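Geometric and topological summary
Chain by chain, the residues:
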Amino acid sequence: DQQVKQNSPSLSVQEGRISILNCDYTNSMFDYFLWYKKYPAEGPTFLISISSIKDKNEDGRFTVFLNKSAKHLSLHIVPSQPGDSAVYFCAASRAYKYIFGTGTRLKVLA
Amino acid sequence: EAGVVQSPRYKIIEKKQPVAFWCNPISGHNTLYWYRQNLGQGPELLIRYENEEAVDDSQLPKDRFSAERLKGVDSTLKIQPAELGDSAVYLCASSLAGVSRETQYFGPGTRLLVL
């Protein structure tokens, strides 16, 4: 039973447009959510996070939205750049236990 | 500041052989994690250390996997004997508990292939 799901394995977006990556979770006890970016042959790199007491967190071009009632979070990248092309993982956490999604491969087309 | 260091980066072994992975976390980070990432999947936690103490090893297959973190710094993850299904990327991560909640910094991983 997968507690954190990223249903879109891949996404292609034109440079300058918005990229929206989605993540669903099943366990309402999760209280912290994170997004990581991963380039080939490298480990995941922390991107942005959000506590369950918030519904939005913004950091430059990256914004994470949390909808607790729908158990859904999304990552918005505006504007998308070719360097954003990578695999993005969402993760949900409670008490230092992290559950990762399967990742979405984002390709930003120049 | 140096990031999380892992070695080796790649390892190819035959099944039933032993293998060990080494991790040096970011200096000062008291929490260390070992994850396994199978192809097309997200990382899955194997074990978490707070200083020298393994505080969560519930997902570690203890019949063949072992880990240690002597002196609360470097850590070693061992598999003995390795099975074909152990082929994966083994990731080490560290964090500083109590400062920035749960931001983990990952190393580049060790890619293991068991033949």
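**Considering a nonpolar patch on the surface**
On the surface, a cluster of nonpolar side chains totalling about 230 Å² of accessible area is made up of Ile18, Ile20 and Val78 of chain A. Isoleucine 18 of chain A gets classed as partly exposed once you look at its relative accessible area, which sits at 42%.

**Focus on the packing of aromatic side chains**
How two aromatic rings sit relative to each other is set out by the distance from centre to centre and by the angle between their planes. The final tally for this structure, using the stated rule, is 11 aromatic pairs over all chains. Ring centres of tyrosine 25 of chain A and phenylalanine 30 of chain A lie 6.2 Å apart, and the angle between their planes is 70°; this geometry places the pair in the edge-to-face category. Accessibility assignment for this pair places tyrosine 25 of chain A and phenylalanine 30 of chain A in one class, buried. Ring geometry for phenylalanine 21 of chain B and tyrosine 90 of chain B: centres 4.8 Å apart, planes at 25°, overall stacked. Remark: tyrosine 90 of chain B occurs in strand S9 (residues 88-95) and phenylalanine 21 of chain B occurs in strand S3 (residues 19-24); sequence separation between them is 69 residues. By relative accessible area, which is 0% here, tyrosine 90 of chain B ends up buried. One aromatic cluster is present, formed by Tyr36, Phe46, Tyr98 and Phe100 of chain A together with Tyr33, Tyr35 and Phe106 of chain B through successive ring pairs.

**Observations concerning the side chain of serine 94 of chain B**
Residues and elements named next belong to chain B. Positionally, serine 94 belongs in strand S9. Take serine 94: its relative accessible area is 0%, and that puts it in the buried class. Here isoleucine 26 takes part through its backbone nitrogen, which lies 3.4 Å from a polar atom of the side chain of serine 94. A polar atom in the side chain of serine 94 sits 2.8 Å from the side chain of histidine 29. If we skip the residues at most four places from it in the chain, serine 94 touches Val4, Pro25, Ile26, His29, Thr31, Leu32, Thr103, Gln104 and Tyr105.

**With respect to the sheet that holds strand S1 (residues 4-5) of chain A**
Residue and element names in this part refer to chain A. Strand order across the open sheet formed by five strands is S1-S3-S8-S7-S6, with antiparallel pairing between neighbours. Among the strands making up the open sheet, the edge pair consists of S1 and strand S6 (56-59). In terms of strand pairing, strand S3 (residues 19-25) meets strand S8 (residues 72-77) through six bridges, oriented antiparallel. By the bridge assignment, isoleucine 20 is partnered in S8 with histidine 76.

**Here we look at the pairing of strand S10 (residues 97-100) of chain A**
Residue and element names in this part refer to chain A. With burial as the criterion, only one face of S10 is covered, namely that bearing Tyr98 and Phe100; the residues Lys97 and Ile99 on the opposite face remain uncovered. By the bridge criterion, four bridges tie strand S9 (residues 86-94) to S10 in an arrangement that is antiparallel. Note that in S10 the partner of arginine 94 across the bridge is lysine 97. Counting the residues between successive antiparallel strands, the hairpin from S9 to S10 contains two residues, one of them, alanine 95, with a positive phi of roughly 50°.

**Overview of the pattern of salt bridges**
Under the definition given, this model contains nine salt bridges over all chains. As a salt-bridge pair, aspartate 84 of chain A and arginine 61 of chain A come within 2.8 Å of each other at their nearest N and O atoms. On the criterion of sequence distance, the pair formed by aspartate 84 of chain A in the loop between S8 and S9 and arginine 61 of chain A in the loop between S6 and strand S7 (62-67) is long-range, its members being 23 residues apart. Judged by relative accessible area, aspartate 84 of chain A falls into the buried class, the value being 2%. For arginine 61 of chain A, a relative accessible area of 22% gives the class partly exposed. The salt bridge partner of aspartate 56 of chain B is lysine 97 of chain A, with a shortest N-O separation of 3.0 Å. Within this pair, whereas aspartate 56 of chain B is found in strand S6 (residues 53-56), its partner lysine 97 of chain A is found in strand S10, the two belonging to separate chains.

Cut-offs used in this document
Residues numbered from 1 in each chain as written. Chains lettered and ligands numbered in written order. Predicted model: local features only at pLDDT ≥ 70, side-chain atom pairs only at ≥ 80, totals over all residues. Heavy atoms only, no water. Patch = residues over 30% accessible without salt bridge, like charges linked within 9 Å, V, L, I, M, F, W, Y side chains within 5 Å. Areas by Shrake-Rupley, 256 points an atom, 1.4 Å probe, with all protein chains shown as cover. Salt bridge = Lys/Arg side-chain N within 4 Å of Asp/Glu carboxyl O. Buried < 20%, exposed > 50% of the residue type's maximum accessible area, 1.4 Å probe, protein only. Phe/Tyr/Trp six-rings, centres within 6.5 Å; stacked < 30°, edge-to-face > 60°. Helix = DSSP H or I, 4+ residues; strand = E, 2+ residues; numbered from the N terminus. Polar contact = N/O pair within 3.5 Å; in protein donor to acceptor, adjacent residues only side chain to side chain. Contact = heavy atoms within 4.5 Å. Pairing = 2+ DSSP bridges.

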